[in-house]
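# Understanding the architecture of this molecule
Residues per chain are reported as follows:
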Amino acid sequence: MQTIDMANTPLRDLNATLQAQAEATNQTAWEIVNPKGSHAIAVGLDAEIEVTVKGSTGYYCGGMNKLATINVHGSVGPGVAENMMSGTVIIDGDASQYAGATGHGGTLIIKGNASSRCGISMKGIDIIVHGNVGHMSAFMAQSGNLVVCGDAGDALGDSIYEARLFVRGSVKSLGADCIEKDMRPEHIALLTDLLERGGCDAKPEEFKRYGSARQLYNFNIDNAY
Amino acid sequence: MKDDHTSAPRTVPIQSATFSNPVNAEIRRAAATGIYDIRGGGAKRKVPHFDDLLFLGASISRYPLEGYREACDTSVTLGTRYAKNPIKLDIPITIAGMSFGALSGAAKEALGRGATLAGTSTTTGDGGMTPEERGHSKTLVYQYLPSRYGMNPDDLRRADAIEVVVGQGAKPGGGGMLLGQKITDRVANMRNLPKGIDQRSACRHPDWTGPDDLEIKILELREITGWKVPIYIKVGGARPYFDTTLAVKAGADVVVLDGMQGGTAATQDVFIENVGMPTLACIREAVRALEDLGMHREVQLIVSGGIRTGADVAKCMALGADAVSIGTAALIALGDNDPKWEAEYQKLGTTAGAYDDWHEGNDPAGISTQNPDLASRLDPVEGGRRLRNYLKVMTLEAQTIARACGKNKLHNLEPEDLCALTMEAAAMAKVPLAGTDWWPGKPGTTF
């Protein structure tokens, strides 16, 4: 285990060290202490390393991650794992706005709650939230899966494309063009896998599925208001 | 005398200036279709522009340089504030961001080839970076857009600069639309969306809201790219003083300022013609912001929107810009709206010079299309050569003017080299009305 203390290591040195890890590195386990809410911690990683952050972080923790597993023992600020390509990001606490925004791949697990716009414009990422998500989550979500074990706020899935949304609790309201859909066997199988990967103690049958009605896919004056 | 009503003088028909034939035609079209007009390009209405400025040249009080033989430096370095590797260009005329999707792959390649031959940069667009564009562009600026279509850290690190697009002159405050006709398998795959659907490009970024957030976003981008490449912020011409101030505050190396004549691939005509400010009105306010911050020339200013000639380039430089960017003019150099395709433009209900339905993908010139048959009409090698020629001519023109003003560098041009032909241009450019020493709003004067 390599330990980097942010009390005496600048952010640039931290990220440069982690980004320099090659695919074949033997230094696969890293621990970051004293993050003190810093922004842009462990961004742009590109190797199968495991990074544990001992404390809470600011904006964009794990941004554009590839391959790495990042586990935050605390809460995270806005834009955690934004535009993630692959790998896994696990948040033990809560996440602020835009969690997993535009993520192309990988898995984001939030063991607490996520704030508004969770999964905004997601492009293939799997996001599993143990708690609740705030308003406008999965706005313009293109592909991937959002699992919410708690409740969802207003306007869930507004202007959604092909992403799949699974919510166990209540949905305050659905956004434009987002509708409830049947849970077919393939969705139960998919959700079973997602819940297992997310370490969730929930049964897939307890969830409802939401997705696009595909009525906004081509411009039409009757949809313009 | 016989009362002959048929021969009595009559009031001649008078067309309304308010309800003109084009206005009435648009009302009828809207009533028939229920859809507002979407088109490409920038504002077509006449607005105060660089044509309303003149250079004074040299005489007894100024000493000119010999027009062909004496040196006149055109190089520019962009990104000197924070980037380890600033961009060094031979000429201060760059190619603006235009997407693969809006343009064909061959057109993007031609832009890369032409820019490289001329010693300047080109820019990606919404939809990501294509291998042919990267491969043929010595210096490539990678746009970071609200949609994040195709965004990935590998391409980010392959870029020579990053341009965070906050807005465009054609539609400040608005997003874009790539209609389904142009969404081929390749375009759809790059954007993670189904083929054939209309793709919206959001009007704001998904993971930051105000300038404080933007500062942190830029920190993240710098951390991912090791602080190596310059980061530009592009804004539409709306409130140039404040937008420039906030862009500098957020940490921009370069501010790109796009006036309302700047083009777009597709947005509502009503937006293009009614939102934003003319390019001419933006420059001095942006420069004033940089000067107030003590950042003029340390943070570079690139101006775009309606730049066509070396004279336009020189005027931008004289008003304080470090470089300019061209989009529509570059497409015309490649062959867009060429009268040789007039018969086909007529079939599309338009005419050469007026064709702006770039979003429909039927471009006879093969530029704003994904139709393979049409796209094959553009030879990217020849297109690159034409663009190189055009950039060379613009540069020579700008040099000629600069030498006539006694300048051995384009960047030495200054507002004192200019006068204005109209009150409006004088007020916007803050240079004297021709034949006077006054402009509206000049400090210490009254109107």
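Residue positions are given per chain, counting from 1 as you read along its sequence in written order. Going through the entries in the order they are written, you letter the chains from A and number the ligands from 1. The predicted origin of the model limits local features to residues at a pLDDT of at least 70 and limits the giving and counting of side-chain atom pairs to 80 or more, whereas totals for whole chains, interfaces and linings rest on all residues.

- An unreviewed UniProt entry lists chain B under the name FMN-binding glutamate synthase family protein, from Marivita cryptomonadis.
- UniProt positions are given in the numbering used here, feature names are shortened, and annotations may be inferred rather than shown by experiment. Its UniProt record gives chain B a comment under Sequence similarities (unreviewed entry), which states: "Belongs to the glutamate synthase family."

- Chain A has the name Protein GlxC in an unreviewed UniProt entry, where Marivita cryptomonadis is given as its organism.

### Concerning the sheet that holds strand E8 (residues 161-165) of chain B
Residue and element names in this part refer to chain B.
- Taken in spatial order, the eight strands make up an open sheet running E5-E15-E14-E12-E11-E8-E7-E6, and their pairing is parallel. In this open sheet, the two edge strands, each paired with only one partner strand, are strand E5 (93-95) and strand E6 (122-123).
- Think of it this way: DSSP has to see at least two bridges between two strands before they count as a pair. Numbering of helices and strands runs from the N terminus; a helix is a DSSP stretch of H or I covering at least four residues, while a strand is a stretch of E covering at least two. For strand E11 (residues 231-236) and strand E12 (residues 254-258), the ladder comprises five bridges, and the chain directions are parallel. Bridge pairing links Val235 to Leu257 in E12.
- Packing against the sheet, helix H6 (residues 211-224) makes contact with strand E7 (140-144), E8 and E11, and its axis sits at approximately 145° to E11. By definition, residues are in contact whenever their C-beta atoms, placed on the basis of the backbone, come within 7 Å of each other. Whenever a helix is involved, its axis is fitted only over the stretch in contact; in every case the axis is a line through C-alpha atoms, and angles between N-to-C directions fall within 0 to 180 degrees.

### Concerning the domain arrangement of chain A
Residue and element names in this part refer to chain A.
- Domain limits in this description derive from either an automatic procedure or a database domain assignment. The domain architecture assigned to chain A consists of domain 1 (1-93) and domain 2 (97-215).
- Centre-to-centre, using C-alpha coordinates, domain 1 lies 24 Å away from domain 2.
- Counting residues at the interface gives 18 residues for domain 1, matched by 17 residues for domain 2.
- Polar here means any residue other than Ala, Val, Leu, Ile, Met, Phe, Trp, Tyr, Cys and Pro, which are nonpolar, and Asp, Glu, Lys and Arg, which are charged; Gly is therefore polar. Of the residues belonging to the side of domain 1 that touches domain 2, the class tally is eight nonpolar, eight polar and two charged.

### Let's talk about the sheet that holds strand E11 (residues 208-212) of chain A
Residues and elements named next belong to chain A.
- One open sheet accounts for 11 strands, arranged E1-E2-E3-E4-E5-E6-E7-E8-E9-E11-E10; its pairing is mixed. Edge positions in the sheet fall to strand E1 (2-5) and strand E10 (178-181), since each has one partner strand and no second. Pairs of neighbouring strands in the sheet enclose a mean axial angle of 15°, with direction left out of account.
- Strand direction decides the pairing type here: strand E4 (residues 69-72) and strand E5 (residues 88-91), joined by four bridges, are parallel. Each residue of the ladder has a partner; that of Ile70, found in E5, is Val89.
- Helix H2 (residues 185-198) contacts strand E6 (107-110), strand E7 (123-129), strand E8 (143-148), strand E9 (164-167) and E11 of the sheet and is inclined by roughly 65° relative to E8.

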